[in-house]
Amino acid sequence: MRSTPSLNSVQSTETESKAYWTIFMVGFAFLFVLVLLGNIFGIHWRNYLPGAEDAKSMSQGVKSAVYTFMSHII
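Remember, predicted model here, so these are calculated numbers, not experimental data.

Colleague: Teacher, can you tell me more about the overall build of the protein chain here?
Modeller: Secondary structure summary: the protein chain contains three helices and zero strands in total. Along the protein chain, from the amino end to the carboxyl end, the secondary structure elements read α-α-α. Taking all 74 residues of the protein chain together, the buried fraction comes to 19%. Restricting the contact set of the protein chain to residue pairs at least 6 apart, pairs at least 24 apart contribute 45%. Total accessible area computed for the protein chain in this model is approximately 6000 Å², and 63% of it derives from carbon and sulfur atoms.

Now the structure itself:
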């Protein structure tokens with residue numbers, strides 16, 4: 001029977017870190033634009049972003065929503 005390498009040895013920590021921050025920045029930019037448009041048009045965006053309901057600022061709400069989104073995909 002062939003030996004299979006463990007998943008931890010296949011990817012390096014540096015690659016995982018770059019992938020994590022790339023996903024975070026793309027998600028943050030996308031949600032930030034949506035929230036900015038919501039503010040311009042007067043939409044209550046906090047109700048639509050999971051994790052952003054209790055956020056005090058726009059950037060804190062977007063950050064909370066991105067972390068919630070990332071916890072589902074990673």
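Colleague: Before we go on, may I ask you to explain helix α2 (residues 13–41) in this structure?
Modeller: Residues three or four positions apart in an α-helix share a direction because the helix packs 3.6 residues into each turn. Helix length check: α2, at 29 residues, gives a terminal C-alpha distance of 42 Å against a target of 42 Å (1.5 Å per residue), a fit within 8%. Taken as a whole, α2 has its buried residues at F24, G27, L31, V35 and G38. If you follow the buried residues of α2, they end up packed against α3 (58–73). One or two residues past the end of α2 sits G42, with phi positive at roughly 75°.

Colleague: Any chance you could explain the nonpolar core here in plain terms?
Modeller: General note: in soluble globular proteins, nonpolar side chains tend to be found buried as a group. Formed by F24, L31, V35, W45, L49, A52, V62, A65, V66 and M70, the largest nonpolar core amounts to ten residues. For this core, the secondary structure elements donating two or more residues are α2 and α3. It is α3 that provides the largest number of residues to this core, a total of four residues. Setting aside chain neighbours within four positions, we find V62 in contact with F28, L31, F32 and V35.

Thresholds, definitions, all that
Residues numbered from 1 in each chain as written. Predicted model: local features only at pLDDT ≥ 70, side-chain atom pairs only at ≥ 80, totals over all residues. Heavy atoms only, no water. Helix = DSSP H or I, 4+ residues; strand = E, 2+ residues; numbered from the N terminus. Buried < 20%, exposed > 50% of the residue type's maximum accessible area, 1.4 Å probe, protein only. Contact = heavy atoms within 4.5 Å. Areas by Shrake-Rupley, 256 points an atom, 1.4 Å probe, with all protein chains shown as cover. Expected span 1.5 Å × (residues − 1). Core = buried A, V, L, I, M, F, W, Y, C linked by side-chain atoms within 4.5 Å.

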